[in-house]
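The chain contents come next:
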Amino acid sequence: MDLHETLIWIAKASYFLAAVLFILGIKRMASPVTARKGIVQAGIGMVIATLATFAITGMHNIELILLGIAIGVIPTWLWGKKVAMTDMPQMVALFNGMGGGSAAAIGAGELLKFSDPSTGAHPLVTVALAVLGALIGSVSMTGSIIAWAKLDGRMDKRFNFPGQQVFNFLIFAAAVAAGIALIAWQVDTRLIIAFFVLALLFGVLMTLPIGGADMPVVISLFNALTGLAVAFEGYVMQIEALIIAGTVVGAAGTFLTQLMAKAMNRPISGVLFSNFGGGGSGEAIAGAQKPIEASDAASLLYMAEKVIIVPGYGMAVAQAQHKIWELSQALIKAGKEVKFAIHPVAGRMPGHMNVLLAEAGVPYDLIADMDDINPEFKTCDVSIVIGANDVVNPAAKTDKSSPIFGMPILNVVDSRQTIVIKRGKGTGFAGIENALFYADNTRLLYADGKEAANQLISELKAIEGGGGH
Amino acid sequence: MIDGFLALYIFMLAAFTGKEIIGRVPVILHTPLMSGSNFVHGIVLVGAMIALAHADSTLAKTIGFIGVVLGAGNAAGGYVVTERMLEMFKSSKDK
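Residues numbered from 1 in each chain as written. Chains lettered and ligands numbered in written order. Predicted model: local features only at pLDDT ≥ 70, side-chain atom pairs only at ≥ 80, totals over all residues. Heavy atoms only, no water.

A. Layout of the interface of chain A and chain B. Counting residues at the interface gives 97 residues for chain A, matched by 80 residues for chain B. Buried surface at the junction of chain A and chain B, summed over both partners, amounts to about 7,900 Å²; 79% is from carbon and sulfur atoms. If you sort the residues of chain A by the area they bury against chain B, R36, I39 and M46 of chain A come out on top, with a joint share of 8%. Applying the counting criterion to the chain A and chain B interface returns one salt bridge. Between E83 of chain B and R36 of chain A there is a salt bridge whose closest N-O contact spans 3.3 Å. Here chain A is connected to chain B by 13 residue pairs in polar contact (both at pLDDT 80 or more). Counting only elements with at least two residues in the side of chain A that touches chain B, the list comes to α1 (3-28), α2 (35-57), α3 (62-82), α4 (88-114), α8 (215-237), α9 (240-263) and α14 (352-360) of chain A. Broken down by class, the residue content of the side of chain A that touches chain B amounts to 64 nonpolar, 26 polar and seven charged. (Contact = heavy atoms within 4.5 Å. Buried area = accessible area lost by both parts, 1.4 Å probe. Salt bridge = Lys/Arg side-chain N within 4 Å of Asp/Glu carboxyl O. Polar contact = N/O pair within 3.5 Å; in protein donor to acceptor, adjacent residues only side chain to side chain. Helix = DSSP H or I, 4+ residues; strand = E, 2+ residues; numbered from the N terminus. Nonpolar A, V, L, I, M, F, W, Y, C, P; charged D, E, K, R; others polar.)

Structure (C-alpha coordinates):
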(Lines give C-alpha, C1' and ligand atoms only; values in the text may rest on other atoms or scores of the structure.)
Protein backbone atom coordinates (compact mmCIF):
# COMPACT_ATOMS: atom_id res chain seq x y z
CA MET A 1 0.00 0.00 0.00
CA ASP A 2 1.29 3.44 -0.79
CA LEU A 3 0.78 6.37 1.52
CA HIS A 4 -2.44 7.54 -0.09
CA GLU A 5 -4.03 4.09 0.18
CA THR A 6 -2.91 3.79 3.78
CA LEU A 7 -4.50 7.12 4.62
CA ILE A 8 -7.76 6.08 2.95
CA TRP A 9 -7.68 2.83 4.91
CA ILE A 10 -7.18 4.74 8.16
CA ALA A 11 -10.04 7.09 7.32
CA LYS A 12 -12.40 4.22 6.45
CA ALA A 13 -11.49 2.42 9.70
CA SER A 14 -12.10 5.62 11.64
CA TYR A 15 -15.51 6.05 10.01
CA PHE A 16 -16.39 2.50 11.02
CA LEU A 17 -15.34 3.21 14.58
CA ALA A 18 -17.35 6.45 14.54
CA ALA A 19 -20.47 4.63 13.30
CA VAL A 20 -20.15 2.11 16.15
CA LEU A 21 -19.66 4.91 18.68
CA PHE A 22 -22.71 6.78 17.35
CA ILE A 23 -24.99 3.77 17.65
CA LEU A 24 -23.67 2.88 21.13
CA GLY A 25 -23.89 6.53 22.12
CA ILE A 26 -27.53 6.88 21.09
CA LYS A 27 -28.33 3.60 22.83
CA ARG A 28 -26.68 4.82 26.04
CA MET A 29 -28.59 8.10 25.81
CA ALA A 30 -31.72 6.00 26.12
CA SER A 31 -31.11 5.34 29.82
CA PRO A 32 -30.78 7.99 32.54
CA VAL A 33 -27.90 6.06 34.11
CA THR A 34 -25.70 6.01 31.02
CA ALA A 35 -27.01 9.04 29.11
CA ARG A 36 -24.03 11.29 29.81
CA LYS A 37 -21.57 8.62 28.75
CA GLY A 38 -23.63 8.25 25.60
CA ILE A 39 -23.23 11.82 24.40
CA VAL A 40 -19.53 11.83 25.28
CA GLN A 41 -19.08 8.62 23.30
CA ALA A 42 -20.91 10.02 20.28
CA GLY A 43 -18.76 13.14 20.63
CA ILE A 44 -15.57 11.07 20.53
CA GLY A 45 -16.90 9.38 17.39
CA MET A 46 -17.45 12.79 15.79
CA VAL A 47 -13.92 13.98 16.63
CA ILE A 48 -12.35 10.76 15.30
CA ALA A 49 -14.34 10.97 12.05
CA THR A 50 -13.50 14.64 11.54
CA LEU A 51 -9.77 14.18 12.19
CA ALA A 52 -9.65 11.14 9.90
CA THR A 53 -11.21 13.21 7.15
CA PHE A 54 -8.18 15.48 7.10
CA ALA A 55 -6.13 12.38 6.22
CA ILE A 56 -8.01 11.80 2.97
CA THR A 57 -8.66 15.38 1.93
CA GLY A 58 -4.96 16.07 1.69
CA MET A 59 -4.07 19.71 1.86
CA HIS A 60 -6.41 20.91 -0.86
CA ASN A 61 -8.48 23.92 0.26
CA ILE A 62 -7.26 23.20 3.79
CA GLU A 63 -7.42 26.87 4.82
CA LEU A 64 -11.03 27.10 3.68
CA ILE A 65 -11.94 23.89 5.52
CA LEU A 66 -10.33 25.03 8.77
CA LEU A 67 -11.86 28.50 8.47
CA GLY A 68 -15.29 26.97 7.79
CA ILE A 69 -15.04 24.70 10.82
CA ALA A 70 -13.94 27.60 13.01
CA ILE A 71 -16.81 29.81 11.81
CA GLY A 72 -19.26 26.95 12.31
CA VAL A 73 -18.02 25.75 15.69
CA ILE A 74 -17.03 28.82 17.71
CA PRO A 75 -20.27 30.88 17.73
CA THR A 76 -22.60 27.87 18.06
CA TRP A 77 -20.47 26.44 20.88
CA LEU A 78 -20.47 29.71 22.81
CA TRP A 79 -24.16 30.32 22.13
CA GLY A 80 -25.09 26.77 23.10
CA LYS A 81 -23.15 27.14 26.35
CA LYS A 82 -24.93 30.23 27.53
CA VAL A 83 -28.45 29.87 26.15
CA ALA A 84 -31.17 29.45 28.78
CA MET A 85 -32.63 25.99 29.34
CA THR A 86 -36.00 27.32 28.26
CA ASP A 87 -34.62 28.13 24.83
CA MET A 88 -33.30 24.64 24.18
CA PRO A 89 -36.10 23.57 21.82
CA GLN A 90 -35.46 26.36 19.35
CA MET A 91 -31.71 25.73 19.57
CA VAL A 92 -32.27 22.11 18.58
CA ALA A 93 -34.43 23.35 15.70
CA LEU A 94 -31.74 25.79 14.59
CA PHE A 95 -28.85 23.30 14.74
CA ASN A 96 -31.00 20.77 12.95
CA GLY A 97 -31.67 23.32 10.23
CA MET A 98 -27.90 23.80 9.86
CA GLY A 99 -27.45 20.06 9.32
CA GLY A 100 -30.18 20.08 6.69
CA GLY A 101 -28.52 23.04 5.01
CA SER A 102 -25.17 21.26 5.01
CA ALA A 103 -26.71 18.18 3.37
CA ALA A 104 -28.42 20.43 0.81
CA ALA A 105 -25.10 22.17 0.10
CA ILE A 106 -23.43 18.80 -0.52
CA GLY A 107 -26.28 17.93 -2.88
CA ALA A 108 -25.89 21.26 -4.67
CA GLY A 109 -22.15 20.76 -5.08
CA GLU A 110 -22.57 17.24 -6.42
CA LEU A 111 -25.33 18.26 -8.85
CA LEU A 112 -23.16 21.11 -10.04
CA LYS A 113 -20.40 18.58 -10.72
CA PHE A 114 -22.84 16.31 -12.58
CA SER A 115 -23.95 19.26 -14.74
CA ASP A 116 -20.44 19.44 -16.22
CA PRO A 117 -20.55 17.16 -19.29
CA SER A 118 -16.81 16.45 -18.99
CA THR A 119 -17.44 14.38 -15.84
CA GLY A 120 -19.20 11.78 -18.03
CA ALA A 121 -22.38 9.84 -17.34
CA HIS A 122 -23.57 9.31 -13.79
CA PRO A 123 -25.58 6.41 -12.41
CA LEU A 124 -29.27 7.25 -12.17
CA VAL A 125 -29.41 6.16 -8.51
CA THR A 126 -26.61 8.54 -7.57
CA VAL A 127 -28.25 11.53 -9.27
CA ALA A 128 -31.63 10.59 -7.81
CA LEU A 129 -30.30 10.35 -4.26
CA ALA A 130 -28.36 13.61 -4.64
CA VAL A 131 -31.62 15.29 -5.70
CA LEU A 132 -33.68 13.63 -2.98
CA GLY A 133 -31.15 14.49 -0.26
CA ALA A 134 -30.97 18.06 -1.48
CA LEU A 135 -34.77 18.38 -1.54
CA ILE A 136 -35.20 16.98 1.97
CA GLY A 137 -32.23 18.90 3.34
CA SER A 138 -33.48 22.21 1.89
CA VAL A 139 -37.00 21.74 3.26
CA SER A 140 -35.57 20.76 6.64
CA MET A 141 -33.31 23.80 6.71
CA THR A 142 -35.83 26.54 5.95
CA GLY A 143 -38.58 24.71 7.86
CA SER A 144 -36.36 24.48 10.95
CA ILE A 145 -35.47 28.15 10.70
CA ILE A 146 -39.17 29.07 10.67
CA ALA A 147 -39.73 26.72 13.63
CA TRP A 148 -36.85 28.43 15.44
CA ALA A 149 -38.20 31.91 14.68
CA LYS A 150 -41.67 30.95 15.91
CA LEU A 151 -40.46 29.37 19.14
CA ASP A 152 -38.08 32.22 19.76
CA GLY A 153 -40.96 34.67 19.51
CA ARG A 154 -39.43 36.42 16.49
CA MET A 155 -42.40 35.73 14.32
CA ASP A 156 -46.17 35.74 14.47
CA LYS A 157 -47.34 32.35 15.55
CA ARG A 158 -49.55 31.77 12.55
CA PHE A 159 -49.69 32.74 8.95
CA ASN A 160 -52.67 31.71 6.91
CA PHE A 161 -54.21 32.74 3.63
CA PRO A 162 -57.04 31.27 1.57
CA GLY A 163 -56.00 28.43 -0.68
CA GLN A 164 -52.79 28.00 1.29
CA GLN A 165 -52.76 24.22 1.14
CA VAL A 166 -53.35 24.19 -2.61
CA PHE A 167 -50.63 26.79 -3.10
CA ASN A 168 -48.18 24.85 -0.90
CA PHE A 169 -48.97 21.68 -2.76
CA LEU A 170 -48.30 23.37 -6.09
CA ILE A 171 -44.91 24.63 -4.88
CA PHE A 172 -44.07 21.15 -3.61
CA ALA A 173 -45.20 19.59 -6.89
CA ALA A 174 -43.08 22.08 -8.83
CA ALA A 175 -40.02 21.27 -6.67
CA VAL A 176 -40.56 17.55 -7.23
CA ALA A 177 -41.07 18.11 -10.97
CA ALA A 178 -37.81 20.07 -11.16
CA GLY A 179 -36.11 17.24 -9.22
CA ILE A 180 -37.48 14.59 -11.59
CA ALA A 181 -36.36 16.66 -14.57
CA LEU A 182 -32.84 16.76 -13.09
CA ILE A 183 -32.83 13.00 -12.67
CA ALA A 184 -34.56 11.90 -15.87
CA TRP A 185 -33.77 14.67 -18.33
CA GLN A 186 -30.49 16.44 -17.70
CA VAL A 187 -28.60 18.15 -14.92
CA ASP A 188 -28.90 21.74 -16.04
CA THR A 189 -27.58 24.68 -14.00
CA ARG A 190 -30.71 26.81 -14.33
CA LEU A 191 -32.84 23.82 -13.40
CA ILE A 192 -30.67 23.23 -10.30
CA ILE A 193 -31.25 26.82 -9.20
CA ALA A 194 -35.02 26.60 -9.79
CA PHE A 195 -35.10 23.30 -7.89
CA PHE A 196 -33.36 24.74 -4.83
CA VAL A 197 -35.43 27.92 -4.80
CA LEU A 198 -38.63 25.86 -4.87
CA ALA A 199 -37.41 23.41 -2.21
CA LEU A 200 -36.24 26.16 0.15
CA LEU A 201 -39.50 28.05 -0.39
CA PHE A 202 -41.56 24.97 0.35
CA GLY A 203 -39.82 24.48 3.71
CA VAL A 204 -40.89 28.00 4.70
CA LEU A 205 -44.43 27.65 3.38
CA MET A 206 -45.16 24.27 4.98
CA THR A 207 -44.05 25.46 8.44
CA LEU A 208 -45.73 28.88 8.43
CA PRO A 209 -49.31 27.70 9.09
CA ILE A 210 -48.35 25.20 11.81
CA GLY A 211 -49.26 26.49 15.24
CA GLY A 212 -47.60 26.20 18.60
CA ALA A 213 -48.87 22.99 20.12
CA ASP A 214 -47.71 21.00 17.12
CA MET A 215 -44.21 22.44 17.06
CA PRO A 216 -42.58 19.54 19.00
CA VAL A 217 -43.81 17.09 16.40
CA VAL A 218 -42.57 19.31 13.60
CA ILE A 219 -39.07 19.72 15.05
CA SER A 220 -38.84 15.98 15.55
CA LEU A 221 -39.96 15.43 11.96
CA PHE A 222 -37.35 17.84 10.60
CA ASN A 223 -34.73 16.09 12.73
CA ALA A 224 -35.63 12.78 11.11
CA LEU A 225 -35.67 14.39 7.66
CA THR A 226 -32.20 15.84 8.11
CA GLY A 227 -30.99 12.37 9.09
CA LEU A 228 -32.39 10.97 5.85
CA ALA A 229 -30.90 13.78 3.77
CA VAL A 230 -27.49 13.09 5.34
CA ALA A 231 -27.85 9.37 4.58
CA PHE A 232 -28.72 10.03 0.91
CA GLU A 233 -25.86 12.49 0.39
CA GLY A 234 -23.64 9.95 2.18
CA TYR A 235 -24.44 7.47 -0.57
CA VAL A 236 -23.65 10.05 -3.24
CA MET A 237 -20.32 10.85 -1.54
CA GLN A 238 -19.67 7.16 -0.82
CA ILE A 239 -19.10 7.69 2.90
CA GLU A 240 -20.51 4.80 4.93
CA ALA A 241 -20.52 6.70 8.23
CA LEU A 242 -22.95 9.26 6.79
CA ILE A 243 -25.25 6.56 5.45
CA ILE A 244 -25.36 4.71 8.77
CA ALA A 245 -25.53 7.69 11.14
CA GLY A 246 -28.05 9.47 8.92
CA THR A 247 -30.29 6.43 8.58
CA VAL A 248 -30.17 5.61 12.29
CA VAL A 249 -31.20 9.19 13.10
CA GLY A 250 -33.82 9.16 10.34
CA ALA A 251 -35.41 5.97 11.66
CA ALA A 252 -35.15 6.93 15.32
CA GLY A 253 -36.50 10.40 14.58
CA THR A 254 -39.42 9.04 12.57
CA PHE A 255 -40.29 6.69 15.42
CA LEU A 256 -40.06 9.52 17.94
CA THR A 257 -42.27 11.70 15.73
CA GLN A 258 -44.86 8.93 15.65
CA LEU A 259 -44.74 8.60 19.45
CA MET A 260 -45.40 12.30 19.80
CA ALA A 261 -48.17 12.42 17.25
CA LYS A 262 -49.73 9.44 19.01
CA ALA A 263 -49.56 11.23 22.33
CA MET A 264 -51.61 14.00 20.77
CA ASN A 265 -53.91 11.51 19.10
CA ARG A 266 -53.35 13.17 15.77
CA PRO A 267 -52.04 11.63 12.57
CA ILE A 268 -48.87 13.30 11.32
CA SER A 269 -50.74 14.38 8.20
CA GLY A 270 -53.18 16.21 10.47
CA VAL A 271 -50.32 18.04 12.16
CA LEU A 272 -48.92 19.17 8.84
CA PHE A 273 -52.06 20.03 6.94
CA SER A 274 -54.90 20.94 9.27
CA ASN A 275 -53.62 24.21 10.74
CA PHE A 276 -53.87 23.00 14.31
CA GLY A 277 -53.86 25.94 16.62
CA GLY A 278 -54.46 28.21 13.69
CA GLY A 279 -58.17 28.16 13.04
CA GLY A 280 -61.13 26.84 14.97
CA SER A 281 -62.33 28.32 18.21
CA GLY A 282 -64.60 25.69 19.73
CA GLU A 283 -67.63 26.45 21.84
CA ALA A 284 -67.75 29.68 23.76
CA ILE A 285 -67.56 29.17 27.50
CA ALA A 286 -70.11 30.63 29.89
CA GLY A 287 -69.14 31.91 33.32
CA ALA A 288 -66.14 33.74 34.62
CA GLN A 289 -62.65 32.98 35.84
CA LYS A 290 -62.56 33.14 39.62
CA PRO A 291 -59.41 34.72 41.03
CA ILE A 292 -57.73 33.79 44.30
CA GLU A 293 -55.16 35.52 46.51
CA ALA A 294 -51.88 33.80 47.31
CA SER A 295 -52.76 33.64 51.03
CA ASP A 296 -56.02 31.77 50.33
CA ALA A 297 -54.27 29.47 47.87
CA ALA A 298 -51.68 28.69 50.54
CA SER A 299 -54.48 27.81 52.97
CA LEU A 300 -55.93 25.41 50.42
CA LEU A 301 -52.53 23.78 50.11
CA TYR A 302 -52.10 23.69 53.87
CA MET A 303 -55.38 21.78 54.24
CA ALA A 304 -54.62 19.37 51.41
CA GLU A 305 -53.17 15.90 51.80
CA LYS A 306 -52.37 15.21 48.21
CA VAL A 307 -51.13 17.81 45.75
CA ILE A 308 -50.44 17.28 42.06
CA ILE A 309 -48.42 19.89 40.21
CA VAL A 310 -48.98 20.24 36.47
CA PRO A 311 -46.23 22.25 34.78
CA GLY A 312 -46.40 23.65 31.27
CA TYR A 313 -44.51 25.98 29.00
CA GLY A 314 -45.40 28.95 31.21
CA MET A 315 -43.23 27.47 33.97
CA ALA A 316 -40.34 27.36 31.52
CA VAL A 317 -40.87 30.96 30.46
CA ALA A 318 -41.03 32.16 34.05
CA GLN A 319 -37.99 30.01 34.98
CA ALA A 320 -40.12 28.95 37.93
CA GLN A 321 -38.95 25.34 38.22
CA HIS A 322 -36.57 26.00 41.14
CA LYS A 323 -39.19 27.91 43.12
CA ILE A 324 -41.82 25.28 42.35
CA TRP A 325 -39.53 22.59 43.70
CA GLU A 326 -38.88 24.71 46.79
CA LEU A 327 -42.65 24.98 47.27
CA SER A 328 -42.98 21.22 46.79
CA GLN A 329 -40.30 20.56 49.37
CA ALA A 330 -42.13 22.79 51.85
CA LEU A 331 -45.32 20.82 51.19
CA ILE A 332 -43.54 17.47 51.52
CA LYS A 333 -42.02 18.63 54.81
CA ALA A 334 -45.52 19.46 56.01
CA GLY A 335 -46.45 15.82 55.37
CA LYS A 336 -48.27 16.18 52.09
CA GLU A 337 -48.00 13.86 49.14
CA VAL A 338 -46.68 15.80 46.15
CA LYS A 339 -46.45 14.58 42.58
CA PHE A 340 -45.66 16.15 39.25
CA ALA A 341 -47.88 15.26 36.29
CA ILE A 342 -46.26 15.53 32.89
CA HIS A 343 -48.19 15.58 29.65
CA PRO A 344 -46.18 14.01 26.81
CA VAL A 345 -46.23 17.21 24.80
CA ALA A 346 -46.18 19.77 27.61
CA GLY A 347 -43.77 22.52 26.75
CA ARG A 348 -42.27 22.76 23.33
CA MET A 349 -40.76 19.30 23.05
CA PRO A 350 -41.51 15.89 24.55
CA GLY A 351 -39.72 15.60 27.86
CA HIS A 352 -39.17 19.37 27.98
CA MET A 353 -40.74 19.60 31.44
CA ASN A 354 -38.72 16.65 32.69
CA VAL A 355 -35.51 18.40 31.71
CA LEU A 356 -36.51 21.55 33.57
CA LEU A 357 -37.64 19.67 36.68
CA ALA A 358 -34.44 17.64 36.61
CA GLU A 359 -32.53 20.93 36.43
CA ALA A 360 -34.30 22.08 39.57
CA GLY A 361 -33.44 18.81 41.30
CA VAL A 362 -36.83 17.08 41.41
CA PRO A 363 -36.27 13.32 41.90
CA TYR A 364 -37.59 11.00 39.22
CA ASP A 365 -40.01 9.11 41.44
CA LEU A 366 -42.10 12.23 42.02
CA ILE A 367 -42.61 12.74 38.30
CA ALA A 368 -45.42 10.76 36.68
CA ASP A 369 -46.45 10.32 33.05
CA MET A 370 -49.97 11.09 31.90
CA ASP A 371 -51.28 7.51 31.86
CA ASP A 372 -50.00 6.78 35.37
CA ILE A 373 -51.22 9.97 37.00
CA ASN A 374 -54.61 10.44 35.34
CA PRO A 375 -56.54 8.05 37.66
CA GLU A 376 -55.01 9.85 40.66
CA PHE A 377 -56.58 13.25 40.05
CA LYS A 378 -59.86 11.96 41.53
CA THR A 379 -58.15 11.44 44.90
CA CYS A 380 -56.18 14.65 44.72
CA ASP A 381 -57.13 17.54 47.00
CA VAL A 382 -55.43 20.35 45.13
CA SER A 383 -53.94 20.45 41.66
CA ILE A 384 -51.62 23.30 40.83
CA VAL A 385 -51.51 24.11 37.14
CA ILE A 386 -48.55 26.30 36.38
CA GLY A 387 -48.21 27.61 32.85
CA ALA A 388 -50.03 24.66 31.27
CA ASN A 389 -53.14 25.26 29.22
CA ASP A 390 -54.07 23.16 26.19
CA VAL A 391 -52.86 19.90 27.78
CA VAL A 392 -55.38 20.28 30.63
CA ASN A 393 -58.30 21.58 28.55
CA PRO A 394 -61.33 19.29 29.05
CA ALA A 395 -62.72 20.51 25.71
CA ALA A 396 -60.37 17.95 24.14
CA LYS A 397 -62.76 15.32 25.54
CA THR A 398 -66.14 16.99 25.38
CA ASP A 399 -66.25 19.56 22.60
CA LYS A 400 -66.24 18.09 19.11
CA SER A 401 -65.94 21.51 17.54
CA SER A 402 -62.70 22.25 19.40
CA PRO A 403 -59.52 22.06 17.31
CA ILE A 404 -57.90 19.95 20.02
CA PHE A 405 -60.78 17.46 20.24
CA GLY A 406 -59.39 13.95 20.64
CA MET A 407 -56.06 14.95 22.17
CA PRO A 408 -55.40 13.05 25.41
CA ILE A 409 -55.28 15.44 28.36
CA LEU A 410 -54.37 15.42 32.01
CA ASN A 411 -57.63 15.04 33.95
CA VAL A 412 -56.96 17.98 36.23
CA VAL A 413 -60.64 18.81 36.05
CA ASP A 414 -61.30 15.69 38.23
CA SER A 415 -59.41 17.01 41.23
CA ARG A 416 -61.30 18.53 44.18
CA GLN A 417 -59.70 21.94 43.84
CA THR A 418 -57.54 23.42 41.14
CA ILE A 419 -55.27 26.42 41.42
CA VAL A 420 -54.18 27.79 38.09
CA ILE A 421 -51.13 30.03 38.14
CA LYS A 422 -51.29 32.26 35.13
CA ARG A 423 -50.06 35.67 34.13
CA GLY A 424 -53.29 36.88 32.61
CA LYS A 425 -56.57 35.86 31.12
CA GLY A 426 -55.24 34.98 27.66
CA THR A 427 -55.59 31.68 25.87
CA GLY A 428 -52.87 29.09 25.39
CA PHE A 429 -50.41 28.69 22.55
CA ALA A 430 -53.11 27.00 20.48
CA GLY A 431 -55.39 30.01 21.03
CA ILE A 432 -58.29 28.04 22.50
CA GLU A 433 -60.40 28.97 25.54
CA ASN A 434 -59.98 26.53 28.42
CA ALA A 435 -63.12 25.29 30.21
CA LEU A 436 -61.02 24.20 33.19
CA PHE A 437 -60.29 27.84 34.02
CA TYR A 438 -64.03 28.54 34.31
CA ALA A 439 -64.89 25.45 36.39
CA ASP A 440 -66.56 25.94 39.76
CA ASN A 441 -63.70 24.41 41.72
CA THR A 442 -60.95 26.25 39.85
CA ARG A 443 -59.30 29.39 41.18
CA LEU A 444 -56.88 31.53 39.27
CA LEU A 445 -53.80 33.01 40.83
CA TYR A 446 -52.80 35.76 38.43
CA ALA A 447 -49.04 36.10 38.73
CA ASP A 448 -45.75 35.27 37.14
CA GLY A 449 -44.93 31.64 37.94
CA LYS A 450 -41.84 32.41 39.98
CA GLU A 451 -43.54 35.23 41.86
CA ALA A 452 -46.57 33.06 42.62
CA ALA A 453 -44.40 30.21 43.94
CA ASN A 454 -42.51 32.69 46.11
CA GLN A 455 -45.73 34.08 47.55
CA LEU A 456 -47.10 30.61 48.23
CA ILE A 457 -43.89 29.59 50.03
CA SER A 458 -43.95 32.63 52.32
CA GLU A 459 -47.69 32.36 52.94
CA LEU A 460 -47.28 28.68 53.84
CA LYS A 461 -44.52 29.61 56.28
CA ALA A 462 -46.75 32.28 57.76
CA ILE A 463 -49.57 29.77 58.29
CA GLU A 464 -47.27 27.17 59.87
CA GLY A 465 -45.37 29.66 61.99
CA GLY A 466 -48.29 31.87 62.94
CA GLY A 467 -50.34 29.07 64.45
CA GLY A 468 -53.42 30.72 63.11
CA HIS A 469 -54.96 27.35 62.35
CA MET B 1 -17.59 1.44 -3.97
CA ILE B 2 -20.91 0.70 -2.33
CA ASP B 3 -23.25 -0.56 -5.01
CA GLY B 4 -27.05 -0.19 -5.00
CA PHE B 5 -28.05 -3.36 -3.22
CA LEU B 6 -25.30 -3.26 -0.62
CA ALA B 7 -26.37 0.32 0.15
CA LEU B 8 -29.97 -0.87 0.40
CA TYR B 9 -28.94 -3.52 2.95
CA ILE B 10 -26.96 -0.99 4.98
CA PHE B 11 -29.93 1.37 4.84
CA MET B 12 -32.37 -1.33 5.99
CA LEU B 13 -30.19 -2.57 8.86
CA ALA B 14 -29.40 0.95 10.05
CA ALA B 15 -33.10 1.84 9.94
CA PHE B 16 -34.01 -1.14 12.12
CA THR B 17 -31.15 -0.30 14.47
CA GLY B 18 -32.40 3.27 14.81
CA LYS B 19 -35.91 2.15 15.66
CA GLU B 20 -34.68 -0.56 18.07
CA ILE B 21 -32.37 1.64 20.11
CA ILE B 22 -34.94 4.38 20.54
CA GLY B 23 -37.76 1.98 21.36
CA ARG B 24 -36.62 1.65 24.96
CA VAL B 25 -36.24 5.34 25.71
CA PRO B 26 -38.33 6.61 28.63
CA VAL B 27 -40.36 9.76 27.94
CA ILE B 28 -38.17 11.78 30.30
CA LEU B 29 -35.23 11.37 27.95
CA HIS B 30 -37.06 12.25 24.75
CA THR B 31 -35.83 15.83 24.55
CA PRO B 32 -32.16 15.04 25.24
CA LEU B 33 -32.38 12.12 22.84
CA MET B 34 -33.82 14.21 20.05
CA SER B 35 -31.04 16.68 20.70
CA GLY B 36 -28.47 13.85 20.79
CA SER B 37 -29.62 12.38 17.49
CA ASN B 38 -29.58 15.91 16.11
CA PHE B 39 -25.90 16.02 17.09
CA VAL B 40 -25.19 12.66 15.44
CA HIS B 41 -26.36 13.81 12.01
CA GLY B 42 -23.76 16.54 12.37
CA ILE B 43 -21.50 13.87 10.82
CA VAL B 44 -22.65 15.56 7.61
CA LEU B 45 -19.64 17.80 8.33
CA VAL B 46 -17.37 15.00 7.08
CA GLY B 47 -19.19 14.89 3.74
CA ALA B 48 -19.03 18.67 3.43
CA MET B 49 -15.28 18.68 4.20
CA ILE B 50 -14.61 16.13 1.46
CA ALA B 51 -16.83 18.06 -0.96
CA LEU B 52 -14.94 21.28 -0.22
CA ALA B 53 -11.57 19.52 -0.53
CA HIS B 54 -12.52 18.43 -4.05
CA ALA B 55 -13.91 21.82 -5.10
CA ASP B 56 -12.07 23.79 -7.76
CA SER B 57 -14.31 26.55 -9.12
CA THR B 58 -15.22 29.56 -7.00
CA LEU B 59 -18.88 28.52 -7.02
CA ALA B 60 -18.09 24.96 -5.90
CA LYS B 61 -15.80 26.30 -3.19
CA THR B 62 -18.48 28.71 -1.97
CA ILE B 63 -21.10 25.97 -1.78
CA GLY B 64 -18.65 23.59 -0.09
CA PHE B 65 -17.65 26.28 2.39
CA ILE B 66 -21.29 26.93 3.32
CA GLY B 67 -21.71 23.18 3.78
CA VAL B 68 -18.72 22.98 6.14
CA VAL B 69 -19.84 25.99 8.21
CA LEU B 70 -23.38 24.65 8.59
CA GLY B 71 -22.24 21.07 9.27
CA ALA B 72 -19.73 22.22 11.90
CA GLY B 73 -22.46 24.34 13.51
CA ASN B 74 -24.80 21.36 13.63
CA ALA B 75 -22.17 19.17 15.28
CA ALA B 76 -20.81 21.71 17.78
CA GLY B 77 -24.15 23.23 18.77
CA GLY B 78 -25.83 19.84 18.94
CA TYR B 79 -23.14 18.52 21.27
CA VAL B 80 -23.19 21.47 23.65
CA VAL B 81 -26.94 21.61 24.17
CA THR B 82 -27.25 17.83 24.56
CA GLU B 83 -24.42 17.73 27.06
CA ARG B 84 -25.95 20.57 29.06
CA MET B 85 -29.34 18.85 29.20
CA LEU B 86 -27.85 15.55 30.31
CA GLU B 87 -25.67 17.30 32.88
CA MET B 88 -28.88 18.16 34.71
CA PHE B 89 -30.06 14.61 34.74
CA LYS B 90 -26.87 13.64 36.46
CA SER B 91 -27.32 16.24 39.18
CA SER B 92 -30.83 15.10 39.99
CA LYS B 93 -29.85 11.45 40.07
CA ASP B 94 -27.06 11.94 42.58
CA LYS B 95 -29.48 13.12 45.22
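B. Local environment of the confidence of the model for chain B. Residue and element names in this part refer to chain B. Here chain B shows a mean pLDDT of 86. Residues at 70 or above account for 89%. When mean pLDDT is taken per element in chain B, helix α3 (residues 44-53) scores highest with 95 and helix α4 (residues 58-93) scores lowest with 87. With pLDDT under 50 throughout, residues 91-95 is counted as low confidence; its partners more than four residues away or in other chains account for eight contacts. ipTM for the predicted complex: 0.93, alongside a pTM of 0.79. (pLDDT = per-residue confidence, 0-100.)

C. Main features of the nonpolar core. Core analysis: the biggest nonpolar cluster contains 159 residues, and L111 and F340 of chain A together with I43 of chain B have the highest contact counts within it. If one sorts the elements of this core by residue count, α4 of chain A sits on top with 14 residues. With near-sequence residues (within four places) excluded, I43 of chain B lies in contact with F22, M46, A49, V230, A241, L242 and A245 of chain A. Listed in part, the 25 residues of the second largest apolar core include I308, I373, M407 and L436 of chain A. (Core = buried A, V, L, I, M, F, W, Y, C linked by side-chain atoms within 4.5 Å. Buried < 20%, exposed > 50% of the residue type's maximum accessible area, 1.4 Å probe, protein only.)

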